[in-house]
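Observations on chain architecture
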Amino acid sequence: MAVHSKKDTATTESQSALERNEERFRALIQHSADAIQLLSAEGNILYSSDSIERVLGYKPEEILGAGAAPYLHPDDLPLFLERFTSLLQMPGGQVTLEYRVKHKNGSWAWIEATGSNYLHDPHIQAIVGNFRNITQRKQVEERQRLLNEASEKLVSSLDHQITLQEIVQLLVPSMADYCRIALLDNQQQIKEIVVNHIEPEKIALVRELYEQYKDRASSSHGLQRLLETGQSELIPVVTPEVIAPLAQENPAVLPIIDALDLTSYMGTPLIVHDRVIGAITFSSIQPQRRYTNEDLAFVEELARRIALTLDNARLYQEAQKAIALRDDFISIASHELRTPVTSLKLYVQAVQKQLVRRGEDHLASSFTKMDAQLDKLTLLIRDLLNVSRIELGKLDFQKDLFDLNGVIKETLEQIQPTTSKHAIRIEGKIDQPVWGDKDRIGQALTNLLTNAIKYSPQADTIIVRVTAAQDAAVVSVQDFGIGIEKEHTNHLFDRFYRVNDPEEKTYPGLGIGLYIANEIIKRHDGTLSVESEKGQGSVFSFTLPYKSSTLSPRDVDA
Ligand code: ADP
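Quick caveat: nothing in here was measured; it's all calculated off a predicted structure.

**Digging into the packing of aromatic side chains**
- Here the structure, examined in full by the defined rule, presents four aromatic pairs.
- Between Phe80 and Tyr99, the aromatic rings sit 5.1 Å apart at their centres with planes inclined by 70°, giving edge-to-face as the arrangement. Taken as a pair, Phe80 in helix α4 (residues 77–88) and Tyr99 in strand β3 (residues 94–102) lie far apart in primary sequence, 19 residues in all.
- Classification of Phe80 by relative accessible area gives buried; the value is 11%.
- Looking at Tyr99, the relative accessible area reads 5%, which means it is buried.
- Residues Phe282 and Phe298 carry aromatic rings whose centres are separated by 6.4 Å and whose planes lie at 85° to one another, so their mutual orientation is edge-to-face. Of this pair, Phe282 sits in strand β10 (residues 275–284) while Phe298 sits in helix α11 (residues 293–357), and the two are 16 residues apart along the sequence. One exposure class covers both Phe282 and Phe298, and it is buried.
- In this structure, Lys138 packs its charged tip against the face of Trp110, placed 4.5 Å from the ring centre.

Spelled out as structure tokens, the structure:
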């Protein structure tokens with residue numbers, strides 16, 4: 001009968017405890033979320049935990065003894081080697097690095113690896129690597145980067161032709177092996193397509209494929225379908241069953257699809273105000289790139305930004321066109337009108353003098369009225385001409401010190417004869433000269449006075465008040481007319497703005513008088529403002545600093 005000593009029993013117990021511990025550690029390593037590898041100083045794989053299969057698809061025995069370097073992405077290899085070499089010089093040291101490794105399924109997986117140098121440790125004698133697959137995080141980062149870069153390109157240019165080409169360039173190869181953006185015209189016909197393919201010689205094939213089915217009334221997949229339905233489409237794996245309906249519609253597409261090697265596809269329409277204006281498609285030719293719902297969400301966000309930019313570009317072009325149709329026309333028309341009106345005025349004045357001399361007073365007074373109407377026409381033409389000059393930044397100013405009282409008096413003398421109903425009265429005066437263009441100030445005042453007359457048909461008084469504030473003269477024109485509702489006062493100085501209520505429609509006008517007056521006062525560093533109440537009349541006031549900050553005698557906008 002064997003007799004065990006106490007010592008023997010203790011040794012056996014501690015041995016089995018040791019084994020249990022080892023088991024536990026092994027299980028810990030095998031089941032950890034990270035994969036663990038041991039590498040020799042030469043970079044060969046000495047051991048891989050089972051979890052390597054979850055991270056990179058390989059079974060441990062498949063890669064035992066292999067070198068790590070051949071699995072690395074060529075772009076990341078140099079940095080990996082540099083860090084590995086430096087780690088070899090650091091016993092006990094640690095290095096962390098992100099790089100791409102070929103997954104068993106052929107795709108590139110992003111890995112975050114921490115290597116620790118235990119070569120000197122007699123129990124380990126290896127570089128210990130911890131690996132974590134961070135492909136998903138990298139994809140999110142990459143999509144965000146692409147969105148940011150695309151957005152920058154989109155806002156930096158309104159020339160959409162260039163921008164769209166840059167966008168498809170940006171998306172290949174990181175998101176697609178080929179990518180298209182198509183735009184529709186107003187008749188819902190495709191007016192242009194930009195294409196980029198990872199292999200440039202295949203761009204022609206992509207175009208040819210589209211040519212084959214673009215005239216089909218309805219298409220089961222692809223660009224045409226996006227344009228017709230306005231719905232996104234995601235085909236994670238392109239199988240023969242997916243292609244079958246397309247081939248049935250038109251057998252000619254089969255060899256083209258074959259040549260293109262399409263493996264996965266997604267696309268989404270470009271939509272502005274519920275209208276499909278184009279579409280963007282992404283295609284993969286790599287078996288390992290399969291588009292997912294997250295990818296589609298990215299494309300939809302990108303499409304939203306592209307559509308918005310295109311709509312802005314369209315609005316901008318329309319506005320440019322409208323300004324160029326309208327302002328050129330106004331400018332030319334007012335120039336052309338000015339000459340005949342001036343000579344007409346000269347003839348009218350000559351005839352009027354003759355009639356007075358001949359004692360034909362009745363006829364003469366008709367010619368005086370005619371002359372006053374011609375003055376109104378002249379002012380209107382001048383305002384029209386000035387509107388286009390303001391738009392072009394070419395309203396010129398001849399600034400000097402001048403007597404404001406004199407300008408007010410002269411303006412009144414011109415305006416008073418145009419109304420038989422109103423008496424225009426001046427209150428106050430200013431004792432020092434002011435700086436500015438006296439003709440332009442006279443023009444601003446003229447516009448305020450003609451409004452005061454026009455918008456107070458029932459009243460008989462208009463007051464022009466002049467007061468001296470500390471730094472500026474203040475001129476106000478008060479009428480006792482129809483007044484203005486509060487909601488309009490913020491817009492009165494906008495170009496072409498007219499108060500739109502049934503009562504107002506009876507007053508003729510173009511909505512440019514206050515716009516010009518405001519521009520003139522602004523260009524003198526002054527401000528134009530209004531106080532008014534509906535039915536109570538209005539007070540329009542402007543300030544005119546004694547000395548403007550710009551003292552140049554001739555102030556012409558380039
Ligand atoms: P217009 O008189 O040709 O319409 P303005 O630019 O001179 O253009 O004026 C813009 C609008 O402001 C006018 O259409 C009118 O509704 C309002 N307005 C201007 N001056 C007065 C005023 N003195 N009293 C009441 N409304 C005024």
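**A few points about the side chain of Asp371**
- Mapping Asp371 onto the fold places it in helix α12 (residues 361–391).
- Only 2.8 Å separates the side chain of Asp371 from the side chain of Lys345, close enough to count as a polar contact.
- Beyond its immediate sequence surroundings of up to four residues, Asp371 is in contact with Lys345, Val348 and Gln349.

**Some thoughts on the confidence of the model for the protein**
- Across the protein, pLDDT averages 86, with 91% of residues at or above 70.
- This stretch, residues 549–558, has a pLDDT under 50; its non-local contacts, to residues over four places away or in other chains, come to 27 contacts.

**Thoughts on the pairing of strand β17 (residues 528–533)**
- Side-chain alternation along β17 places Leu528, Val530 and Ser532 on a buried face and Ser529, Glu531 and Glu533 on a face that remains uncovered.
- Looking at chain direction, β17 and strand β18 (residues 537–545) are connected through six bridges and run antiparallel. Each bridged residue has a counterpart across the sheet, and for Val530 the counterpart in β18 is Phe540.
- Taking the residues that link successive antiparallel strands as the turn, the β17-β18 hairpin has three residues, and the phi of Gly535 there is positive, at about 85°.

**Re the site of the ligand**
- What surrounds the ligand is a group of 20 residues, the closest being Asn451, Tyr455, Asp479, Arg498 and Leu514.
- Within the side chain of Tyr455, a nitrogen or oxygen atom sits 2.7 Å from an oxygen atom of the ligand.
- Leu514 is positioned such that a nitrogen or oxygen atom in its backbone is 2.9 Å from an oxygen atom of the ligand.
- At the level of secondary structure, the elements contributing two or more residues to the shell around the ligand comprise α14 (438–454), α16 (513–522) and β18.
- Taken together, the residues that form the shell around the ligand break down as 10 nonpolar, six polar and four charged.

**Focus on the pairing of strand β7 (residues 190–197)**
- Burial analysis of β7 places six of its eight residues in the buried class, which makes it a mostly covered element.
- Pairing of strand β6 (residues 178–184) with β7, which is carried by seven bridges, proceeds in the antiparallel orientation. Paired with Ala182 across the bridge in β7 is Ile193.
- Counted between consecutive antiparallel strands, the loop separating β6 from β7 contains five residues, among which Gln188 sits at a positive phi close to 65°.

**Observations regarding the sheet that holds β18**
- Here we have five strands laid out as an open sheet, ordered β13-β15-β16-β18-β17, and mixed in their pairing. Strands at the two margins of the open sheet, each flanked by one partner only, are β13 (423–427) and β17. Going across the sheet, the axis of each strand differs from the next one's by a mean of 15°, ignoring polarity.
- Along the sheet, α14 contacts β13, β15 (461–468), β16 (472–479), β17 and β18; its crossing angle with β16, the most-contacted strand, is approximately 20°.

**Side note on the sheet that holds β10**
- One open sheet accounts for five strands, arranged β7-β6-β10-β9-β8; its pairing is antiparallel. The sheet terminates laterally at β7 and β8 (233–235), the two strands that pair on one side only. Strand-to-strand twist in this sheet, taken as the mean axis angle between neighbours without regard to direction, amounts to 10°.
- Here three bridges tie β8 to strand β9 (residues 264–272), and the two strands are oriented antiparallel to one another. Across the sheet, the residue bridging to Leu234 is Met266, located in β9.

**Concerning the nonpolar core**
- Counting residues in each nonpolar core, the largest one holds 45 residues, and the members touching the most others are Leu404 and Leu449.
- Elements with a contribution of two residues or more to this core: α12, α13 (404–415), α14, β15, β16, α16, β17 and β18.
- Broken down by element, this core gets its largest block of residues, seven residues, from α14.
- In this view, Leu449 contacts Thr411, Leu412, Ile415, Ile424, Ile462, Val464 and Val477; residues no more than four positions away in its chain are not counted.
- Core analysis: the next-biggest nonpolar cluster, separate from the first, contains 31 residues, Ile167, Met175, Leu302 and Ile306 among them.

The rules behind the values
Residues numbered from 1 in each chain as written. Predicted model: local features only at pLDDT ≥ 70, side-chain atom pairs only at ≥ 80, totals over all residues. Heavy atoms only, no water. Phe/Tyr/Trp six-rings, centres within 6.5 Å; stacked < 30°, edge-to-face > 60°. Helix = DSSP H or I, 4+ residues; strand = E, 2+ residues; numbered from the N terminus. Buried < 20%, exposed > 50% of the residue type's maximum accessible area, 1.4 Å probe, protein only. Lys NZ or Arg CZ within 6 Å of the ring centre and 35° of its normal. Polar contact = N/O pair within 3.5 Å; in protein donor to acceptor, adjacent residues only side chain to side chain. Contact = heavy atoms within 4.5 Å. pLDDT = per-residue confidence, 0-100. Pairing = 2+ DSSP bridges. Near = heavy atom within 4 Å. Nonpolar A, V, L, I, M, F, W, Y, C, P; charged D, E, K, R; others polar. Axes fitted to C-alpha atoms, helices over the stretch in contact; angles between N-to-C directions. Core = buried A, V, L, I, M, F, W, Y, C linked by side-chain atoms within 4.5 Å.

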